[in-house]
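Working through the structure, step by step
So the chains spell out like this:
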Amino acid sequence: MSGLPREVLKWIQSLDLTWQIKQAKWDLTNGYLIAEIFSWYFPQDIQMHSYNNGTSLESKQKNWSLLKLFIKRHDLDIPEELIEGTIHCKEGAAPALCENIYELLTNRKVKKQPSEFEIDFTDSAYQLQLPMHARSTASKAVKNNLRITETMADPNLILSAQKAQKIINDHIQHRNLERLENPDRFNVKPTLGEKCLRRPPPQPSQPTFDAESTQHTFTVDPSQKPGGEDNPLPVSREPSVQFKRLK
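Residues numbered from 1 in each chain as written. Predicted model: local features only at pLDDT ≥ 70, side-chain atom pairs only at ≥ 80, totals over all residues. Heavy atoms only, no water.

**Focus on the overall build of the protein**
Operational definition: Only DSSP runs of H or I covering at least 4 residues are called helices, and only runs of E covering at least 2 are called strands; the numbering of each starts at the N terminus. Think of it in three bands: with a 1.4 Å probe and only protein chains considered, a residue is buried below 20% of the maximum accessible area for its type, exposed above 50%, and partly exposed in between. Should any heavy atoms of two residues lie within 4.5 Å, those residues are counted as being in contact. Using a 1.4 Å probe, the Shrake-Rupley method yields the accessible areas, and only the shown protein chains count as cover for residues.
On a plain count of helices and strands, the protein comes out with eleven helices and zero strands. Sequence-ordered secondary structure for the protein, helices as α and strands as β, is α-α-α-α-α-α-α-α-α-α-α. In the protein, which comprises 247 residues, the share counted as buried stands at 30%. Relative to all contacts within the protein whose residues are 6 or more apart in sequence, the contacts with residues 24 or more apart total 50%. If you sum the accessible surface of the protein, you get close to 18,800 Å²; carbon and sulfur atoms cover 53% of it.

**A word on the packing of helix α3 (residues 32-41) against helix α4 (residues 57-73)**
Filter applied, for reference: Inter-axis angles, ranging from 0 to 180 degrees, are taken between N-to-C directions of lines fitted to C-alpha atoms, where helices are fitted over the stretch in contact. When the near helix sits turned anticlockwise from the far one by under a right angle, the crossing is termed left-handed; a clockwise turn instead gives a right-handed crossing. Here the term charged refers only to Asp, Glu, Lys and Arg, the term nonpolar to Ala, Val, Leu, Ile, Met, Phe, Trp, Tyr, Cys and Pro, and the term polar to all other amino acids, Gly among them.
Running from N to C, α3 and α4 point in directions that differ by 35°, and their axes come no closer than 9 Å. Regarding α3 and α4, the two cross each other, and that crossing is left-handed. Seen from α3, the contacting residues are Tyr 32, Ile 34, Ala 35 and Phe 38; seen from α4, they are Asn 63, Trp 64, Leu 67 and Phe 70. Partitioned by chemical class, the residues of the contact of α3 with α4 number seven nonpolar, one polar and no charged.

**Looking at unusual backbone geometry**
The phi dihedral of Asp 75 is positive, around 55°, even though this residue is not glycine. Structurally, Asp 75 can be placed in the loop between α4 and α5 (80-87). Look at Asp 75 and you get exposed, because its relative accessible area is 70%. In the Ramachandran plot, Asn 187 falls in the positive-phi region, its phi being about 55° despite a non-glycine side chain.

Listed below in structure tokens is the structure:
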């Protein structure tokens, strides 16, 4: 029962299920125990004789199709990615689904411990805990994170290629991050630009203005106004300019 909080574990044990959940990743994948949990709270809607306790993909799809109809009928807030992750045995999907069902049926909140890794239903958190020489390669990452049941359930070649390419891109991104964090291990030599001493560009000096030096004097000669003294024109704002006559 690794991965489940203590209150969720005690709640599951109190339901007296058909068998004990030892590894949620594998025991909840066919949806039989999930249906049995709901049957304790909705005995009129869940009939256990309609569910098959098998491990084949056909049994999984049949059980979960009935459960999806039940979830939709009762308007239960269960994310689709949790269901799909549980069907295809994704890392962390089944415990997260148990916690979600526990909060819906008991109206209680799970006391979660803060984790430095974000749950993304991949083995990235596990890979980061391993030493660098033991971490998986690109092909191994595709094998670990792309289940064969996903390709069997949806045989779209383009979609499968997109999923595999995303896994490879994430793997390359993690490898590049490792090279940046451990340059000595990967014998990463700094480039010529990184060796250069970088100084901030000089800031242009701000010009200072003197209030007395920037003042302009404006002179107006009334005798030179085209309108005369009785009908003066508006005073010009332009400063007076003196010209020197050249011989």
